[in-house]
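This is what each chain is made of:
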Amino acid sequence: MNFISRKPWDPSLHKLTEESVYRNRTQHRRDFLASLGHGSIGLMASSLLIGCNEHKPDQKKLKAAADIQIPKASKAAYPAERNQAFTYGRDETVQEQAAIYTNFYEFSTSKQTYLYVDGFTPTPWEVKVDGLCDKPMTFDLDDLHSRFPLEERAYRHRCVETWAMCVPWTGFPLQALLKQVEPEPGAKYVQFETFNRPTEAQNIADSSFPWPYTEGLTIEEAMNDLTFLTTGIYGEPLPRQHGAPIRIVLPWKYGFKSIKSIVRITLTAKKPDTFWNVVNPREYGFEANVDPGVPHPRWSQSEEWMLGTRERFPTVKYNGYGDYVAKLYG
Ligand SMILES: Nc1nc2c(c(=O)[nH]1)N[C@H]1C(S)=C(S)[C@@H](COP(=O)(O)O)O[C@H]1N2
Ligand SMILES: [Mo]
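Because the structure is predicted, anything quoted here is derived from the model rather than measured.

Participant: Before we go on, may I ask you to explain the overall build of the chain in this structure?
Facilitator: For the chain, the count of helices and strands is 13 helices and 12 strands. Each of the 330 residues in the chain was classed as buried or not, and the buried ones make up 57%. Of the contacts formed within the chain by residues at least 6 apart in sequence, a portion of 71% connects residues at least 24 apart.

Participant: When you look at the site of ligand 1 in this model, what are you seeing that I'm missing?
Facilitator: Close contacts around ligand 1 come from 19 residues, with Y105, E106, H242, R247 and K260 the closest. The separation between an oxygen atom of ligand 1 and a polar main-chain atom of Y105 is 2.8 Å. Computed on the free molecule, ligand 1 has an accessible area of 530 Å², of which 100% lies beneath the protein chains in the complex.

Participant: Please explain the environment of T170 as it appears in this structure.
Facilitator: Mapped onto the fold, T170 is located in strand β4 (residues 163-173). Sequence separation between T170 and Y234 is 64 residues; the distance between their C-alpha atoms is 7.7 Å. What T170 contacts, discounting residues up to four positions off in sequence, is Y78, A80, L150, E151, E152, F228, L229, T230, T231, G232, I233 and G235.

Participant: What exactly am I supposed to notice about the pattern of salt bridges here?
Facilitator: Oppositely charged side chains can form a pair if their charged atoms are brought close together. Enumeration according to the criterion identifies 17 salt bridges in this entry. With a shortest N-O distance of 2.8 Å, E161 and K111 are connected by a salt bridge. Remark: K111 occurs in the loop between α7 (95-99) and β1 (126-131) and E161 occurs in the loop between β3 (151-158) and β4; sequence separation between them is 50 residues. When its relative accessible area of 0% is taken as the criterion, K111 is described as buried. The shortest N-O distance in the salt bridge between E303 and R312 comes to 2.6 Å. You can call R312 partly exposed: its relative accessible area is 43%.

Participant: Can you walk me through the sheet that holds strand β2 (residues 137-140) in this structure?
Facilitator: If you trace the five strands from one edge of the open sheet to the other, you get β2-β1-β10-β5-β6, paired in mixed fashion. What marks the edges here is a single partner per strand, and that holds for β2 and β6 (214-218). Averaged over all pairs of adjacent strands, the angle between their axes in this sheet comes to 15°, without regard to strand direction. Note that β1 and β2 share four bridges and pair antiparallel.

Participant: What am I meant to see in the side chain of E283 here?
Facilitator: Within the fold, E283 resides in the loop between α12 (275-279) and β11 (303-306). Those residues in contact with E283 that lie beyond four places of it in its chain are H38, H296, P297 and R298.

Rules used in this analysis
What you see as residue numbers is a count from 1 along each chain, following the sequence as written. Chains and ligands are labelled sequentially in the order written, the chains with letters from A and the ligands with numbers from 1. Reporting in this predicted model follows two pLDDT cut-offs: at least 70 for local features of residues, and 80 or more for side-chain atom pairs to be given and counted; totals over whole chains, interfaces and linings ignore these cut-offs and use all residues. For side-chain calculations, the full set of non-hydrogen atoms in the structure is used, while hydrogens and water are omitted. Labels follow the DSSP assignment, with helices taken as runs of H or I lasting at least four residues and strands as runs of E lasting at least two, numbered in each case from the N terminus. Each residue's exposure class comes from its accessible area (1.4 Å probe, protein chains only) as a fraction of the maximum for that residue type: buried when under 20%, exposed when over 50%, partly exposed otherwise. The contact definition used throughout considers only heavy atoms, calling two residues in contact when any of these lie within 4.5 Å. For this description, a residue counts as near a given molecule or strand if any of its non-hydrogen atoms is within 4 Å of it. Polar contact criterion, stated in full: a pair of N or O atoms within 3.5 Å, where within protein one must be able to donate a hydrogen and the other to accept it, and residues adjacent in sequence count only if both atoms are side-chain atoms. With residues, only the protein chains shown are counted as cover, and all accessible areas are computed by Shrake-Rupley using a 1.4 Å probe. Note on definitions: salt bridges are taken to be side-chain nitrogens of Lys or Arg within 4 Å of carboxyl oxygens of Asp or Glu. Pairs of strands are assigned from DSSP output, requiring at least two bridges between the strands. Every axis in this analysis is a line fitted to C-alpha atoms, fitted for helices over the stretch in contact. Angles between the N-to-C directions lie between 0 and 180 degrees.

In short, geometric facts, not functional conclusions.
Listed below in structure tokens is the structure:
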């Protein structure tokens, strides 16, 4: 099945669900139904189980996944100073609990993606910034760590599947990078693209998803103070499964917008295609702001549960970040 050439306005796409994408792939479909909220009904029960008590972490694999050889000069930037403007308002998630329960479909449709990232080489790395800007640039890891002052931010994270976490990210506001390339007035959107290496990521090779994973923001969202270009977590460089060596974090949007392992950032005039919106436009919108009043077509969004503790909280509009972002939405 050739997904890649399809566009969201192609009516045949609207009939597709992730399940039907996989209908000829029984084995994948079984994994999928067991673990993948983005596409299946098996989500709630299985993610609650997998997330907490059932999985005994493989310490060797966890360590290997976090062994990132960034250049010495970059490494010196950790840990960065905490920005006191941000607080969780709840307990911080235990580092290991966040590390063993991640979505990274390039590697696996299970949550234990750290078990499957061995082949991924996140260094050296470059991020190309291009499109409608006066000074297109390519940044390597030393550029990213030296040209921008890094800070640590305590952010809440809310996955569309209803799990949530509170983790400290290291990085800098995306606006600082965008200002360096000097966006043209015609730049209305920003598109992000993940690496596309089937030899390093098994599920890219095995599945018919529309790789590479892409995401997008309006230019106003991209320039918002909260929009965080992220190189670290818990005071260290990002481990592979969290999106090494650089990702976006958007705490007021569902987690699928927070794209990992970015290789390209493009300023555009037209709203870009985004991975989940192409795969299943009925269930995953472009905007994807956290909103307890808008249920997912297959489950309620009124509550969330925390990784590690399973403690439940009522979901808050914009994940509690309305003071920063409500102005963007009329
Ligand atoms: N490239 C890429 N980025 C991605 C994903 C993915 O599968 N591939 N999953 C998204 C989803 S659904 C969520 S909830 C967050 C999870 O971030 P974490 O695994 O670091 O907690 O990453 C997002 N970014
Ligand atoms: Mo997610």
